[in-house]
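Residues per chain are reported as follows:
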Amino acid sequence: MIINGVTIDATFAEAFPMKATRAIITAQNEKWALIAAQAMTGFATSVIACGCEAGIERCLTPEETPDGRPGVAVLIFAMGGKGLAKQLETRAGQCVLTSPTSALFAGIESDIKIPLGKNLRYFGDGFQIAKVIDQASLNPSLAQSSSTTKRYWRIPVMDGEFLTEATTGQVEAIGGGNFLVLATSQPQALAACEAAIDAMKKIPNVIMPFPGGVVRSGSKVGSKYKALNASTNDAFCPTLKGMTNTDLSADIESVMEIVIDGLTKTDIDLAMRVGIEAVCALGAQHGIKRISAGNYGGKLGPFHFHLQEIMA
Amino acid sequence: MSALTFTLTIQPNQRVDMSPLVCQALQQRELSEIAAMPLHCGKKTLRVDELFTISGSDSSHIIIKNSFNKLDFIGKNLAGGRITVEGDVGAYLGLGMLAGSISVVGNTGLYAGAEMKKGYLEINGNTGDFLGGALPGNKIGMKGGLILVKGDAGARVGDHLRRGMILIEGNTGDYCGSRMIAGTIAVMGTTGQHVGYAMRRGTLLLWNTPHISASFNDCGTHTLAFLPIIFKAFATLNSRFAESSTAFNRVQRYAGDMAEMGRGEILVKH
């Protein structure tokens, strides 16, 4: 398949099941909501060493947030529920609780609940106050709904009160959707990835967890060093073209990868499609030669994102 | 199906225990069976059809017409469904209610919503003492749900309140929020003496400055983030509490009762 001079490889991205949650951070203004969100999602590029993968999903208008202030939705992904809960709580406690004027709310419904502010309340040293809002009592038509009670904690802090919802939902999700951009120069590869990220940021339910959404150090499974589980993806390293089993043609000088975590396969499909479309819109005349994807032969991850099917 | 309707035909001199006439107890029953159910009235036991004419068949919605202030225990332990009362009711309305909703067009007596666990109780008139309270000798009052009073309430509103919300558009009597364990009471009108007497935790949200007793300490004026969330939750109510113009988030905070645990608060609109 060729789009605007860009070859779409007949390959697929291989992805894994993960657990995910969404949290909503609000603050006095969007600037401080973003500061808290950036802190909370910092050092969360890969589960390999960060414990989770996290990112800002989008900014929210005051009408979209529980407390009517500007907000930011963040998504956090981890390999298991326990790890997710630990990461969420640690990050909420160190990055959001500490951020001026912030408040923290659940951003996703699920029967499986994980603590958001449930344990952070102990920071209040006994001065914390719970407020329970039972929507079923306020609106009897909701009485049959599975989750109608929301518990909030008001924790006294030096700038006033930190308001947090006690729990948020944990859902099944997918991590590791990806595609590779192969270009004739490093600036062209980066420009294409920037265009892709700009387009993909408009898609809900996905994050691109690496710095700026782009990863330049894609990895393969295993290493010559026994202590390492992953190492550089030498088949796509342009400087190794002459000394390894390369997957690059002579004209490729730079490869960059975009990794996508999403709540469902459909979300990742859509994000990959708009991302690849944006890259292909630049086309061969801007040095974009190929789109490929990272996989492990289909033996490790149950979710396969075939590039040509997505772009069909 | 039309609502199962009980129309009172005589007003007995003695009080009537209406607790058998709740939605869950009338399911799958023929009208003839319902008509024969016993109701305690003073020291006598009467058949339902000695007091009421019965019509309709939908037991998930019960309507009581021509009600008056000696019909006690309406909606006791209600576990679901809806009860609408046209007229006044006696004491213990919605006592121990578990779910569902009760709406009263008129006034109610003592202990309305006492020890209720969940559900929605709406009183369009005035209500007596111990709204949402605990029965004498008991230590825990209302444990959940919401009570909305559009008129005035008597003394001891939310006595021993454990959880849930009591919203009063009118005024309250003395000792509003006395011995509260937790929960929220909001009063748009005025409150009597000894507001929050011996409250341990919980929130009294007041539109008018009450007489603050010496055992409450002024914590200053604050903008609190949880207030917009509470007011947003009220938006579905058929009440002045649902009007956006009534919402506020800036309050004077008094902590107390320092003669008790002292973790409660009186928040007064600033």
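Worth saying up front: this structure is predicted, and the values here are computed from it rather than measured.

A. The overall build of chain B, seen in detail. Secondary structure assignment for chain B yields four helices and 17 strands. Rg of the C-alpha trace for chain B: 19 Å, near the compact-globule value of 18 Å for 270 residues, within the 12% margin. Dimensions of chain B along its principal axes, counting C-alpha atoms only, are 65 × 35 × 25 Å. Here chain B holds 270 residues, and the buried ones make up 50% of them.

B. Structural view of the nonpolar core. Residues and elements named next belong to chain A. Counting 169 residues, the largest nonpolar core has Ile25, Val74, Ile76, Val181, Ala192 and Val279 as its most contacted members. With eight residues, the single largest contributor to this core is strand β3 (residues 12–26). Formed jointly, this core draws a minimum of three residues from each of two domains, domain 1 (2–14 + 174–311) and domain 2 (19–171). When sequence neighbours within four positions are dropped, the list of residues in contact with Val279 reads Val6, Val181, Ala192, Ala195, Ala196, Ile288 and Ile291.

C. Broad picture of the packing of helix α5 (residues 186–200) of chain A against helix α6 (residues 265–282) of chain A. Residues and elements named next belong to chain A. Taken N-terminus to C-terminus, the directions of α5 and α6 make an angle of 140°; their axes are 8 Å apart at the nearest point. The orientation of α5 with respect to α6, classified from their angle, is oblique. Considering how the two elements wind past one another, α5 and α6 form a crossing that is right-handed. From α5, Ala192, Ala195, Ala196, Ala199 and Met200 reach across to α6, where they touch Ala271, Val274, Gly275, Ala278, Val279 and Leu282.

D. Region of the structure containing the pairing of strand β14 (residues 203–206) of chain B. Residue and element names in this part refer to chain B. Alternating positions in β14 separate into two faces, Thr203 and Leu205 on one and Leu204 and Leu206 on the other, with burial throughout. Here strand β13 (residues 184–187) pairs with β14 via four bridges, running parallel. Residue Val187 lies in a different strand from β14, and its bridge partner there is Leu206. Direction of pairing for β14 relative to strand β17 (residues 264–269): parallel, over a ladder of four bridges. For Leu206, the partnering residue across the bridge sits in β17 and is Val268.

E. The interface of chain A and chain B, seen in detail. On the chain B side, the residues contacting the 19 residues of chain A number 21 residues. Where the side of chain A that touches chain B is concerned, the elements lending two or more residues are β8 (129–134), α4 (135–138), β9 (149–157) and β10 (160–165) of chain A. With four residues, β8(A) is the largest single contributor of residues to the side of chain A that touches chain B. When the residues that make up the side of chain A that touches chain B are grouped by side-chain class, the tally is nine nonpolar, five polar and five charged.

F. Seen up close, the domain arrangement of chain A. Residue and element names in this part refer to chain A. When the domains of chain A are assigned, the result is domain 1 (2–14 + 174–311) and domain 2 (19–171). Just the C-alpha atoms count here: the centres of domain 1 and domain 2 sit 31 Å apart. On the side of domain 2, eleven residues touch domain 1, which itself brings ten residues to the contact. Of the residues that constitute the side of domain 1 that touches domain 2, the class distribution is eight nonpolar, one polar and one charged.

G. Focus on α6(A). All names here are of chain A. Taking 1.5 Å per residue as the helical rise, α6 with its 18 residues ought to reach 26 Å, and the 26 Å between its terminal C-alpha atoms agrees with that figure. Burial in α6 covers these residues: Ile268, Ala271, Met272, Gly275, Ile276, Val279, Cys280 and Leu282. All buried residues of α6 lie within an arc of 160° about the axis, which places them on one face of the element. Of the residues flanking the end of α6, it is Gly283, one or two places downstream, whose phi is positive at about 75°.

H. Region of interest: α5(A). All names here are of chain A. For α5, with 15 residues, the first-to-last C-alpha span of 21 Å sits near the 21 Å given by 1.5 Å per residue. Taken as a whole, α5 has its buried residues at Ala189, Ala192, Cys193, Ala195, Ala196 and Met200. End-on view of α5: buried residues confined to an arc of 155°, all on one side of the axis.

I. Quick peek at the pairing of strand β5 (residues 71–78) of chain A. Residue and element names in this part refer to chain A. Extensive coverage of β5 is indicated by the burial of eight of its eight residues. Side chains Gly71, Ala73, Leu75 and Phe77 of β5 all project onto a buried face; the interleaved residues Val72, Val74, Ile76 and Ala78 project onto the opposite face, where all are buried too. Relative to β5, β3 is paired through eight bridges, and the arrangement is antiparallel. Considered in β5, the bridge of Ile24 is made with Ala73.

Quick notes on the rules
- Residues numbered from 1 in each chain as written.
- Chains lettered and ligands numbered in written order.
- Predicted model: local features only at pLDDT ≥ 70, side-chain atom pairs only at ≥ 80, totals over all residues.
- Helix = DSSP H or I, 4+ residues; strand = E, 2+ residues; numbered from the N terminus.
- Rg over C-alpha atoms; globule rule 2.2 N^0.38 Å.
- Buried ≥ 20, exposed ≤ 12 C-beta atoms within 10 Å, placed from the backbone.
- Core = buried A, V, L, I, M, F, W, Y, C linked by C-beta atoms within 7 Å.
- Domains from an automatic or database assignment.
- Contact = placed C-beta atoms within 7 Å.
- Axes fitted to C-alpha atoms, helices over the stretch in contact; angles between N-to-C directions.
- Parallel < 35°, antiparallel > 145°, perpendicular 65-115°, else oblique.
- Left-handed = near helix turned anticlockwise from the far one by under 90°.
- Pairing = 2+ DSSP bridges.
- Nonpolar A, V, L, I, M, F, W, Y, C, P; charged D, E, K, R; others polar.
- Expected span 1.5 Å × (residues − 1).
- Arc of directions from axis to C-beta.

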